[in-house]
Amino acid sequence: MPQTLAEKILQKHTDQEVSGAGQIVQCRVSMALANDITAPLAIKSFRAMGAKQVFDKDKVSLVCDHFTPNKDIESAEQVKVVRDFAQEMGITHYYECGEVGVEHALLPEKGIVGPGDIVVGADSHTCTYGGLGAFATGMGSTDIAGAMALGETWFKVPPTIKVEIEGKPREHVGAKDYMLNLIGRIGVAGGLYKALEFSGGAVDDLSIEGRMTMANMAIEAGGKVGLFASDAKTLEYTRNAGRSGDETLAADAGAEYDRVVKIDVSDMEPQIACPHLPDNVKPVQETEGLQIHQAVVGSCTNGRIEDMREAAAILKGRKVNPKVRCIILPATPTIWKMCLQEGLMEIFMEAGCIVGPPTCGPCLGGHMGILAGGERAIATTNRNFRGRMGSLESEVYLSNPAVAAASAVAGEIINPAKL
Amino acid sequence: MKVKGTAHRVGDHIDTDAIIPARFLVTTDPEELGANCMEGHEEGWGKRLKKNDVIVAGENFGCGSSREHAPISILGAGVPVVVAKSFARIFYRNGFNMGLVLLEVGEEIDKIGDTHEIEVDVVVGEIRNLTTDETIKCAPVPPFMQEILNAGGLVSYAKKKLS
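Calculation rules
- Residues numbered from 1 in each chain as written.
- Chains lettered and ligands numbered in written order.
- Predicted model: local features only at pLDDT ≥ 70, side-chain atom pairs only at ≥ 80, totals over all residues.
- Heavy atoms only, no water.
- Contact = heavy atoms within 4.5 Å.
- Buried area = accessible area lost by both parts, 1.4 Å probe.
- Salt bridge = Lys/Arg side-chain N within 4 Å of Asp/Glu carboxyl O.
- Polar contact = N/O pair within 3.5 Å; in protein donor to acceptor, adjacent residues only side chain to side chain.
- Helix = DSSP H or I, 4+ residues; strand = E, 2+ residues; numbered from the N terminus.
- Pairing = 2+ DSSP bridges.
- Axes fitted to C-alpha atoms, helices over the stretch in contact; angles between N-to-C directions.
- Core = buried A, V, L, I, M, F, W, Y, C linked by side-chain atoms within 4.5 Å.
- Buried < 20%, exposed > 50% of the residue type's maximum accessible area, 1.4 Å probe, protein only.
- Domains from an automatic or database assignment.
- Nonpolar A, V, L, I, M, F, W, Y, C, P; charged D, E, K, R; others polar.
- Expected span 1.5 Å × (residues − 1).
- Parallel < 35°, antiparallel > 145°, perpendicular 65-115°, else oblique.
- Left-handed = near helix turned anticlockwise from the far one by under 90°.
- 1 Å grid on protein atoms, 1.4 Å probe; cavity = no way out; pocket = protein on both sides within 12 Å on 5 of 7 lines; lining within 4 Å.
- Points joined across faces, edges and corners; volume = space filled by probe spheres on them.

Engineer: How would you explain the interface of chain A and chain B if you had to name every residue and give the values?
Structural biologist: With 48 residues of chain A at the interface, the matching set in chain B holds 43 residues. Each partner contributes to the roughly 3,800 Å² buried at the junction of chain A and chain B, and carbon and sulfur atoms together form 61% of this total. In this assembly, chain A and chain B are joined by 3 salt bridges. Of the charged contacts in the structure, one is a salt bridge between R93 of chain B and D143 of chain A, with a shortest N-O distance of 2.9 Å. The tally of links from chain A across to chain B stands at 18 residue pairs in polar contact (both at pLDDT 80 or more). Where the side of chain A that touches chain B is concerned, the elements lending two or more residues are β1 (24–28), α2 (39–48), α3 (73–89), β6 (135–138), α5 (141–150) and β7 (152–156) of chain A.

Engineer: Explain the sheet that holds strand β10 (residues 225–228) of chain A to me, and be specific about the residues and the numbers.
Structural biologist: Residues and elements named next belong to chain A. If you trace the 4 strands from one edge of the open sheet to the other, you get β10-β9-β8-β11, paired in parallel fashion. Edge strands, defined here as strands with exactly one partner in the open sheet, are β10 and β11 (259–264). Adjacent strand axes in the sheet meet at a mean angle of 20° when their direction is disregarded. In this sheet, β10 lies alongside strand β9 (residues 195–199) in parallel orientation, the contact comprising 4 bridges. The residue of β10 that forms the bridge with A195 is V225. Across the face of the sheet, helix α6 (residues 175–186) comes into contact with β8 (160–166), β9 and β11 while running at roughly 130° to β11. Against the sheet, helix α8 (residues 208–216) makes contact with β8, β9 and β10, and its axis sits at roughly 155° relative to β10, the strand it touches most.

Engineer: Go over the nonpolar core, please, and point to the residues and values.
Structural biologist: Residues L62, L315 and F348 of chain A together with F61 and I74 of chain B are the most contacted members of the largest nonpolar core, which totals 125 residues. Each of domain 1 (5–263) and domain 2 (271–418) of chain A contributes no fewer than three residues to this core. With 40 residues, the next largest nonpolar core counts M179, I186, F198 and F228 of chain A among its residues.

Engineer: Before we move on, can you summarise the domain arrangement of chain A with the specific residues and values?
Structural biologist: Residues and elements named next belong to chain A. Each assigned domain of chain A is listed with its residue range as follows: domain 1 (5–263) and domain 2 (271–418). A straight line from the C-alpha centre of domain 1 to that of domain 2 covers 24 Å. Facing the 37 residues of domain 1 at the interface are 40 residues of domain 2. Across the interface of domain 1 and domain 2, roughly 3,000 Å² is buried in total on both sides, 60% from carbon and sulfur atoms. Looking at the side of domain 1 facing domain 2, the largest losses of area belong to V102, H172 and K176, adding up to 20% of the total buried there. In this assembly, domain 1 and domain 2 are joined by 1 salt bridge. Across the domain 1-domain 2 interface, the total number found is 25 residue pairs in polar contact (both at pLDDT 80 or more). Contributing elements (two or more residues each) for the side of domain 1 that touches domain 2: α4 (103–109), α6 and α8. The element best represented in the side of domain 1 that touches domain 2 is α6, accounting for 6 residues. Among the residues making up the side of domain 1 that touches domain 2, the classes are represented as 13 nonpolar, 16 polar and 8 charged.

Engineer: Help me get a handle on α6 of chain A, residues and values and all.
Structural biologist: All names here are of chain A. Between its first and last C-alpha, α6 extends 17 Å over 12 residues, near the 16 Å set by a 1.5 Å rise per residue. Taken across its 12 residues, α6 has 10 buried, putting it largely inside the fold. Within α6, burial applies to A175, K176, D177, Y178, M179, L180, N181, L182, I183 and I186. G187 sits one or two positions beyond α6 and adopts a positive phi of about 90°.

Engineer: Can you tell me about the environment of S244 of chain A, naming the residues and giving the values?
Structural biologist: Residues and elements named next belong to chain A. Tracing the sequence through the fold places S244 in the loop between α9 (232–240) and β11. Given the relative accessible area of 68%, S244 is considered exposed. Sequence separation of S244 and G111 is 133 residues, and the distance between their C-alpha atoms is 9.4 Å.

Engineer: I'd like to hear about the pattern of salt bridges, residue by residue, with values.
Structural biologist: Residues and elements named next belong to chain A. Enumeration according to the criterion identifies 32 salt bridges over all chains in this entry. K194 is the salt-bridge partner of D258, the closest N and O atoms lying 3.1 Å from each other. Of this pair, D258 sits in the loop between α9 and β11 while K194 sits in the loop between α6 and β9; the two residues are 64 residues apart in sequence, bridging distant segments of the chain. Here D258 falls in the partly exposed class, since its relative accessible area comes to 41%. Linked through salt bridges whose partners overlap, the residues forming this network are D117, R243 and D246.

Engineer: Before we move on, could you go through the packing of α2 of chain A against α5 of chain A and cite the residues and values that matter?
Structural biologist: Between two packed helices, what matters for the description is the angle formed by their axes and the separation of those axes. All names here are of chain A. Following both chains from N to C, one finds α2 and α5 inclined at 55°, their axes separated by 8 Å at the closest point. Relative to α5, the element α2 is oriented oblique. The two elements α2 and α5 meet at a crossing, and its hand is right-handed. Mapping the contact onto sequence places L41, A42, S45 and F46 in α2 and S141, T142, A145, M148 and A149 in α5. Here the contact of α2 with α5 is composed, by residue class, of 6 nonpolar, 3 polar and no charged.

Engineer: Run through empty space enclosed by the protein, naming residues and quoting values.
Structural biologist: For the structure on display, the rule yields 3 cavities of 30 Å³ or more. Approximately 230 Å³ is the volume attributed to the largest cavity. Around the largest cavity, the lining comprises 24 residues; the ones closest to its centre are H66, D123, H125, L364 and R388 of chain A. Listing elements by their share of the lining of the largest cavity, those giving two or more residues are α4 and α10 (299–302) of chain A. If you count residues domain by domain, the lining of the largest cavity takes at least three from each of domain 1 (5–263) and domain 2 (271–418) of chain A. Space inside the second largest cavity adds up to approximately 120 Å³. As for the second largest cavity, its lining consists of 15 residues, and the residues nearest its centre are I219 and G222 of chain A together with C63, G64 and A88 of chain B. Residues belonging to the lining of the second largest cavity are distributed by class as follows: 9 nonpolar, 4 polar and 2 charged.

Listed below in structure tokens is the structure:
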């Protein structure tokens with residue numbers, strides 16, 4: 001029977017025959033991941049299970065990225081728990097201090113995850129690796145503890161929504177806009193329990209970074225995974241990340257889909273998700289003129305080098321509005337260094353930005369850019385829930401990096417084309 | 001298991017940042033997390049929750065992050081059961097793993113109003129609204145998840161597998 005991409009990847013990791021949506025399958029995992037917020041709970045469960053050793057010390061990643069650099073005593077204590085555990089277990093992929101980056105930017109960059117893998121992470125944005133063609137999904141800490149101990153976990157085979165994206169986008173429109181547009185169409189529960197599978201000419205044209213931006217927000221539609229076929233571009237990316245032996249992988253022709261959503265991006269404007277849900281999406285012109293107090297460029301959604309270049313192209317030779325805090329957070333140390341080498345840092349500093357270390361920080365209202373009551377931010381992050389970036393009385397608007405940078409200059413939300 | 005308590009209604013898409021905001025994620029202690037349950041929904045809202053009360057929600061309850069602190073904070077606040085029109089996927093798994101009972105009732109959710117007294121029979125899968133004298137049948141727990149529940153949660157399930 002022809003299989004969807006999700007079914008094909010699950011099949012590679014189980015001895016059961018994958019027969020279709022709804023079936024429960026037990027699968028071997030390629031990588032189990034947790035961070036400084038979720039790992040302490042996972043470790044607690046791991047001990048309670050009576051586990052003495054992780055199933056494979058090379059297949060567990062612990063990334064202390066959420067509150068880094070540790071924001072207070074409690075968060076430092078949590079990292080200590082994770083560090084001690086990593087040492088005890090001899091975990092290969094443990095990251096903190098100057099080596100740490102936002103987990104979902106860091107793991108692909110280091111070649112730790114790749115096409116055809118099953119990756120489970122105690123972080124909802126684990127779905128990012130779908131951009132590489134990995135079946136990657138978020139779970140809770142105890143599920144991850146189980147995976148760390150047993151090397152396997154169970155999945156309900158998801159029905160798949162096929163998303164076909166065609167057309168050539170205008171300037172300042174890209175992966176983030178495609179994804180916001182889709183979430184706006186199907187809603188925050190539109191992909192609940194389901195896989196999203198992306199295809200079409202506009203998807204083929206995207207860089208691997210752009211695909212990861214899209215896959216990253218599959219969870220914002222309620223999805224289990226956001227999958228892209230792995231193609232020549234994918235293999236080039238993973239080869240550069242130091243991997244070998246990866247293969248191309250695509251859905252079978254004639255596979256059965258739950259529904260098909262078609263999007264033409266040719267006339268698409270930059271998209272904005274307005275408060276307080278990621279599906280409250282409008283074209284930028286409908287939000288123009290709204291005064292902002294903060295702009296954030298970073299996160300696992302848009303903190304990669306392409307995003308930095310996109311923001312820098314707007315900020316070059318311009319000044320951030322004096323009423324706006326423009327916070328730039330390159331997502332990994334490598335991206336930070338590239339920004340430096342490519343002269344982007346100088347552009348950011350000349351423009352009056354605040355450049356911070358790689359951290360999840362403000363995206364989840366952790367630290368390094370918290371909003372006061374009545375303040376409004378435009379951010380390249382992934383969630384605009386009420387109070388997400390600080391006060392319950394603050395507002396977050398989600399956009400692509402060019403719109404965020406242009407809005408920082410204008411002091412209000414604006415289409416970069418009008419700057 | 002039967003639970004009798006007051007229903008507390010909330011709307012659709014209650015996210016995990018509403019259930020337990022990130023600033024409280026510097027602990028794994030159920031009591032501390034319970035004290036701040038629903039602080040991102042409305043300041044002080046959690047104070048209305050008494051032992052054995054039930055949160056009754058709309059669509060997609062628990063959407064957003066994978067933080068297991070969310071079901072833990074609900075349990076920490078004394079709430080053993082959440083009834084919703086539907087649940088977000090990660091939250092659903094987490095709830096069962098933590099021993100928080102989640103019942104999905106679809107459209108019938110509107111038969112339960114705020115402050116109604118209800119009795120939930122988890123084994124039979126039935127909710128009795130004592131205020132209106134109506135009964136709601138729930139979708140059964142999927143067999144595989146029942147297996148995990150029967151083992152006493154995921155920790156015990158994995159413990160058995162490891163030994």
